[in-house]
Amino acid sequence: MSLPDAFHDIAERVNNWGRWGADDELGTLNLITDEVVREAAATVRTGRRVPLALPLRQNGVQTGMIPGRVDPLHVMVQINQELFGPGTVACSDDAVTMGLQAATHWDALPHVSHSGRIYNGRPADSITAHGGAGFSGIDKVRHLVSRGVLLDVARARGKDRLDGGYAVTPEDLDAAEELAGTRVRAGDIVLVRTGQVQVCLAGDRHAYAYPSPGLSIRTPEWFHARDVAAVANDTLTFEVFPPEVDDLWLPVHALDLVEMGMPQGQNWNLEKLSTACGEAGRYAFLLAATPEPFAGATGSPVAPVAVL
């Protein structure tokens with residue numbers, strides 16, 4: 001089934017192919033300039049640090065709904081082993097097997113494709129079984145530090161958590177921006193809180209996944225207009241699930257990653273950040289969220305920290 005005309009109309013309006021040159025592999029991360037980072041550093045007032053990652057554990061958020069995306073399997077490969085003989089210093093080492101998008105993570109630009117293409121018009125078959133992503137892999141993101149802005153949509157709408165299946169609209173983002181008291185600007189990393197991660201933290205992984213609030217197909221144009229560098233939220237699927245348009249699966253992924261070249265993150269725990277921002281009365285902060293540089297990977301775990 002081909003993508004509908006309405007999707008292609010939005011795609012044309014948000015497309016960034018060639019904006020930073022034919023060889024570009026970073027997309028909207030180009031918007032994070034030295035000046036943007038200096039201004040981000042200036043938001044730090046108290047030094048309060050808020051971690052935003054879920055624990056990496058075997059009974060994590062994955063339920064098998066997404067084939068091959070497995071929760072971390074952590075094993076010890078040596079325990080108090082005296083490598084250099086009896087009485088020497090003993091070492092303990094670990095190993096882990098996991099899906100790179102298993103928990104709190106960034107999606108790299110080639111994480112999805114449509115119509116045979118990934119970001120900047122490159123062919124989708126440039127992703128191979130042994131080499132991974134030939135272009136725009138997560139390892140190209142060598143540093144990801146900028147001003148973060150929490151758009152607390154749930155709080156702006158007077159809720160602790162948005163209902164499952166609620167599609168977050170540009171009007172919701174406007175309301176959350178008004179609550180934040182700051183305008184989202186070029187180079188910002190936007191964090192959209194729905195409150196859905198509360199379900200995960202309560203232990204109901206299946207209800208966390210479905211039905212879930214998430215971003216509407218109308219939101220990419222909002223992010224494009226503001227020149228946002230990256231967006232993350234507190235849900236498994238990022239966009240509303242089940243989809244708001246029948247049989248149109250992951251359109252927001254395709255618009256953000258493929259057309260706009262904007263990284264997106266999922267499974268971020270924004271609950272403590274919501275509390276901290278509410279207490280401080282400000283929703284902008286320094287955000288450090290550099291992904292692990294797995295060569296050729298289409299995503300990577302991340303342990304983001306907001307500094308207020």
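Structure: above.
Residues numbered from 1 in each chain as written. Predicted model: local features only at pLDDT ≥ 70, side-chain atom pairs only at ≥ 80, totals over all residues. Heavy atoms only, no water.

J.: How should the packing of aromatic side chains be read in this particular structure?
T.: Centre-to-centre distance and the angle between the planes together describe a pair of aromatic rings. A full pass over the atoms with the stated rule returns four aromatic pairs. Where Trp106 meets Trp268, the ring centres are 5.0 Å apart and the plane angle is 70 degrees; that geometry is what we call edge-to-face. With Trp106 in strand β4 (residues 105-107) and Trp268 in the loop between β12 (264-266) and α9 (271-280), the pair connects residues that are 162 residues apart, well separated along the chain. Across the pair, Trp268 and Trp106 agree in class, each one buried. Between Trp222 and Phe223 the ring centres are 5.6 Å apart and the planes differ by 85 degrees, which places this aromatic pair in the edge-to-face class. Accessibility expressed as a relative area gives 8% for Trp222, which makes it buried. Sitting over the face of the ring of Trp222, Arg226 holds its NZ or CZ atom 4.1 Å from the ring centroid. (Phe/Tyr/Trp six-rings, centres within 6.5 Å; stacked < 30°, edge-to-face > 60°. Helix = DSSP H or I, 4+ residues; strand = E, 2+ residues; numbered from the N terminus. Buried < 20%, exposed > 50% of the residue type's maximum accessible area, 1.4 Å probe, protein only. Lys NZ or Arg CZ within 6 Å of the ring centre and 35° of its normal.)

J.: Hey, could you run me through the pattern of salt bridges in this one?
T.: Working definition: two side chains of opposite charge can pair if their charged atoms are close together. Scanning all chains against the criterion turns up 16 salt bridges. Between Glu271 and Arg193 there is a salt bridge, with its nearest N and O atoms 2.9 Å apart. With Glu271 in helix α9 and Arg193 in strand β9 (residues 189-193), this pair connects stretches of sequence that are 78 residues apart. With a relative accessible area of 16%, Glu271 lands in the buried category. When its relative accessible area of 3% is taken as the criterion, Arg193 is described as buried. Salt bridges sharing common partners tie together Asp152, Arg155, Asp160, Arg193 and Glu271. (Salt bridge = Lys/Arg side-chain N within 4 Å of Asp/Glu carboxyl O.)

J.: I keep staring at the environment of Ala209 and nothing clicks. Help me out?
T.: Along the chain, Ala209 falls in helix α6 (residues 205-209). What makes Ala209 buried here is its relative accessible area of 2%. With eleven residues separating them in the primary sequence, Ala209 and Gln198 have C-alpha atoms 12 Å apart. The residues touching Ala209, leaving out its near neighbours within four places in the chain, are Met65, Leu236 and Phe241. (Contact = heavy atoms within 4.5 Å.)

J.: Would you mind going over the side chain of Arg282 with me for this structure?
T.: With respect to the secondary-structure elements, Arg282 resides in the loop between α9 and β13 (284-288). Glu279 provides the closest opposite charge to the buried, unpaired Arg282, separated from it by 11 Å. A distance of 3.1 Å separates a polar atom in the side chain of Arg282 from the backbone oxygen of Thr43. Residues in contact with Arg282, not counting those within four places in the same chain, are Thr43, Arg45, Thr46, Cys277 and Leu308. (Lys, Arg positive; Asp, Glu negative; His and termini not counted. Polar contact = N/O pair within 3.5 Å; in protein donor to acceptor, adjacent residues only side chain to side chain.)

J.: Whenever I open this one, helix α1 (residues 5-14) confuses me. Can you help?
T.: Taken residue by residue, α1 has Phe7, Ile10, Ala11 and Val14 as its buried positions. All buried residues of α1 fall inside an arc of 105 degrees around its axis, so they share one side. Opposite the buried face of α1, by more than 90 degrees, sit the exposed residues Asp5 and Glu12. Buried residues in α1 make contact with α7 (219-226) and α8 (251-260). (Arc of directions from axis to C-beta.)

J.: How do you make sense of unusual backbone geometry when you look at a structure like this?
T.: It is generally the case that most residues other than glycine have a negative phi and that most peptide bonds are trans. Tyr210 connects to Pro211 through a cis peptide bond whose omega is -10 degrees. Mapped onto the fold, Pro211 is located in the loop between α6 and β10 (214-215). Despite not being glycine, Ser115 shows a phi value in the positive range, around 55 degrees. Within the secondary structure, Ser115 is located in the loop between β4 and β5 (127-128). Of note, the phi angle at Asn120 is positive, near 65 degrees, even though the residue is not glycine. Structurally, Asn120 is set in the loop between β4 and β5.

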